[in-house]
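# Remarks on the overall topology
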Amino acid sequence: MTDISLNYDVVIIGAGAAGMMCAVEAGRRGRSVLLIEHNKKPGEKIRISGGGRCNFTNIHTAPKNFISANPHYCISALKRYKPADFINRLETAGIAYHEKALGQLFCDGSAQQIIDLFLEDMKTASVDLKLNSRVLNISYEGGGYQLKVDLSGRERDVSAHSLVIATGGKSIPKMGASGFGYQVAQQFGLNIIEPRPGLVPLTFDDKTLASFAALSGIGVDVRAMNERASFEEALLFTHRGLSGPAILQISSYWRDGEEIRIDMLPGQDVSALLQQARDESGGRQLRSFLGQLWPKRVAEMMSARLGIDKKLAELSSKDLQRVSDEINAMIVQPMGSEGYRTAEVTIGGVDCRDLSSKTMAATKQPGLYFIGEVVDVTGWLGGYNFQWAWASGWVAGQEV
Ligand SMILES: Cc1cc2nc3c(=O)[nH]c(=O)nc-3n(C[C@H](O)[C@H](O)[C@H](O)COP(=O)(O)OP(=O)(O)OC[C@H]3O[C@@H](n4cnc5c(N)ncnc54)[C@H](O)[C@@H]3O)c2cc1C
């Protein structure tokens, strides 16, 4: 049975990074806000991110760090709400942080501090946060939204002037990820850019896996690249294939069936190194030369891939070319990826061409907003995805 109807200025679905930011901002502006979350806790991805310390932003955030069918869409929000704005929020709350490599900022302590800060701010801003709750039905009537909602086990009718979808992407279903936001977009006629997993480990066929098998757990600095992008970071061999930041980054630019190239000695010209070694000690085995370049097991794998059992002086110019190609541009052919089960993000989502970059609102459906990862804006690894969630949530929070 349905109880009396509840009225709010704003209903936000999804209490993740973007939804909580939007709720606080709208509440501070005096809007009555209902924030609906189907998990029993808000901000689960914040809690587990960055190894429990949340890489909450990147001080070098720029539009080039994002993937989208409409690369200009993110510019306005990122300009209006900058990494410094979020840092300022944490500093005011006394949350300590530090910079790791490449401008990535992490909490010194637990990521839970960020969730607690939002919970506190939502309380002050009189946001109604309902956990264990779900939306059963949405319709648009008489200039507003009518929702049938299961609020912690009680079915209620809720009406709102504005509806904000902040349900994130499809990554890690066991943490509450759902395709719900895409369904709402489609219900109201917005286009969806085909979602696919991003920042995800890549998997390989049995033969390739066998050649990596002895290396499981070993990391090396590489440059992973294809025609669209190139990242110089660590690669990690795993029992399923390849992972580590370099692989996660390039995975977002990889399409099924394509190869990727890995420079196993980034910044070093292997043919020059080989020439020099040959001039200095031509009697040395190639195997021994390779052994100098990496940890033993990596060198053995490279030696096995090359299959050239010769002294340096015996290498033909064809051999030299093969060695340098194999090291500076080793070609691997992923069979697939680990998929949404382990992907950190979902690439694609609600088509930005159907949204206003100034407000995050649907251009053809009044009062409907999409923020965070549900939108076709996906950041690189390194704090960019949270910065997009904060920025897009903040912008919508000024508008609803
Ligand atoms: C393991 C992991 C580590 C990560 N580490 C980082 C990092 O360190 N730095 C970084 O920048 N990014 C990181 N990311 C990416 C980042 O977590 C996301 O991009 C970000 O959380 C997106 O914010 P969001 O609010 O759009 O979505 P989410 O944080 O996913 O929030 C969406 C919320 O909506 C809820 N929801 C979904 N469907 C419904 C529904 N039908 N009804 C009600 N509620 C619903 C979900 O339960 C969730 O609480 C990481 C991701 C993963 C998976």
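Only a predicted model underlies this, so the values are computations on that prediction, with no experimental measurement involved.

### As for the overall build of the protein chain
Helix and strand counts for the protein chain come out as 13 helices and 21 strands. With the principal axes as the frame, the protein chain shows a C-alpha extent of 90 × 40 × 35 Å. When each of the 400 residues of the protein chain is scored for burial, the buried share is 44%.

### Quick notes on the sheet that holds strand β13 (residues 219–225)
The strand order across the open sheet formed by seven strands is β17-β16-β13-β14-β15-β12-β18, and the pairing between neighbours is antiparallel. Because the sheet does not close on itself, it has two edges, and the strands there are β17 (330–332) and β18 (336–337). The pairing of β13 with strand β16 (residues 260–263) spans three bridges and is classified as antiparallel. Looking at the pairing, R223 lines up with D263 of β16.

### Looking at the sheet that holds strand β5 (residues 97–99)
Strand order across the open sheet formed by three strands is β3-β6-β5, with antiparallel pairing between neighbours. The sheet is open, and its two borders are formed by β3 (55–58) and β5, each paired with just one other strand. Shown here is a sheet whose adjacent strand axes are inclined to one another by a mean of 30°, direction ignored.

### Regarding the environment of L105
On the secondary structure map, L105 appears in strand β6 (residues 104–107). Overall, the presence of 24 C-beta atoms within 10 Å leaves L105 in the buried class. The spacing of L105 and S126 is 21 residues in sequence and 30 Å in space, taken between C-alpha atoms. With sequence-adjacent residues up to four places away left out, L105 is seen in contact with N55, F56, T57, N58, I59, I87, Y97, E99 and G383.

### Looking at the environment of Q387
Relative to the helices and strands, Q387 is located in helix α13 (residues 384–399). Accessibility expressed as a C-beta count within 10 Å gives 29 for Q387, which makes it buried. When the C-alpha positions of Q387 and A313 are compared, they lie 54 Å apart, and in sequence the two are 74 residues distant. Excluding residues that lie within four positions of it along the chain, Q387 makes contacts with T57, N58, T61, P83 and G379.

### Quick look at the site of the ligand
Among the 37 residues in the neighbourhood of the ligand, the closest are listed as G14, G16, G168, G176 and G372. When contributions to the shell around the ligand are tallied by element, the ones reaching two or more residues are α1 (17–28), α2 (44–52), β8 (134–141) and α13. Of the residues forming the shell around the ligand, the biggest block, five residues, is contributed by α2. Taken together, the residues of the shell around the ligand break down into 15 nonpolar, 16 polar and six charged.

### Section: the packing of α1 against helix α5 (residues 112–124)
Taken N-terminus to C-terminus, the directions of α1 and α5 make an angle of 30°; their axes are 9 Å apart at the nearest point. As judged from the angle between their axes, α1 and α5 are roughly parallel. Where α1 crosses over α5, the handedness of that crossing is left-handed. The residues of α5 that touch α1, namely those facing M20, A23, V24 and G27, are F118, D121 and M122. Counted by class, the contact of α1 with α5 contains five nonpolar, one polar and one charged residues.

### Describing the domain arrangement of the protein chain
Assigned domains within the protein chain: domain 1 (6–197 + 345–399) and domain 2 (202–337). Placing the centre of domain 1 and that of domain 2 at their C-alpha centroids yields a distance of 40 Å. Of the residues lining the interface, six residues belong to domain 1; the matching set on domain 2 comes to five residues.

### Some details on the packing of helix α9 (residues 270–280) against helix α12 (residues 317–328)
Running from N to C, α9 and α12 point in directions that differ by 135°, and their axes come no closer than 9 Å. Our classification of the angle between α9 and α12 gives oblique. As α9 packs across α12, the resulting crossing turns out to be right-handed. Judged by residue contacts, V270, S271 and L274 of α9 engage L320, V323, S324, I327 and N328 from α12.

### Notes on the nonpolar core
Core analysis: the biggest nonpolar cluster contains 116 residues, and V11 and V164 have the highest contact counts within it. No other element matches α13, which puts nine residues into this core. Each of domain 1 (6–197 + 345–399) and domain 2 (202–337) gives at least three residues to this core. Here V164 is in contact with V10, I12, C22, Y369, I371, A396 and V400, once residues within four sequence places are set aside.

### Structural notes on helix α6 (residues 180–187)
When α6 is considered as a whole, its buried residues turn out to be G181, Y182, V184 and A185. An end-on view of α6 places all buried positions within 160° of arc, on one side of the element. Immediately beyond the C-terminal end of α6, within one or two residues, lies G189, with a positive phi of roughly 80°.

### A few points about the pairing of β16
Sheet topology places β16 next to β17; three bridges connect them, and they run antiparallel. Bridge pairing in β17 links R261 to I331.

### Observations regarding the environment of S216
Structurally, the position occupied by S216 is in the loop between α7 (206–212) and β13. Along the backbone, S216 and L236 are 20 residues apart, and their C-alpha atoms lie at a distance of 7.8 Å. Other than its neighbours up to four places away in sequence, S216 contacts F237, T238 and H239.

Here is what the cut-offs are and how they apply
- Residues numbered from 1 in each chain as written.
- Predicted model: local features only at pLDDT ≥ 70, side-chain atom pairs only at ≥ 80, totals over all residues.
- Helix = DSSP H or I, 4+ residues; strand = E, 2+ residues; numbered from the N terminus.
- Buried ≥ 20, exposed ≤ 12 C-beta atoms within 10 Å, placed from the backbone.
- Pairing = 2+ DSSP bridges.
- Axes fitted to C-alpha atoms, helices over the stretch in contact; angles between N-to-C directions.
- Contact = placed C-beta atoms within 7 Å.
- Near = placed C-beta within 6 Å.
- Nonpolar A, V, L, I, M, F, W, Y, C, P; charged D, E, K, R; others polar.
- Parallel < 35°, antiparallel > 145°, perpendicular 65-115°, else oblique.
- Left-handed = near helix turned anticlockwise from the far one by under 90°.
- Domains from an automatic or database assignment.
- Core = buried A, V, L, I, M, F, W, Y, C linked by C-beta atoms within 7 Å.
- Arc of directions from axis to C-beta.

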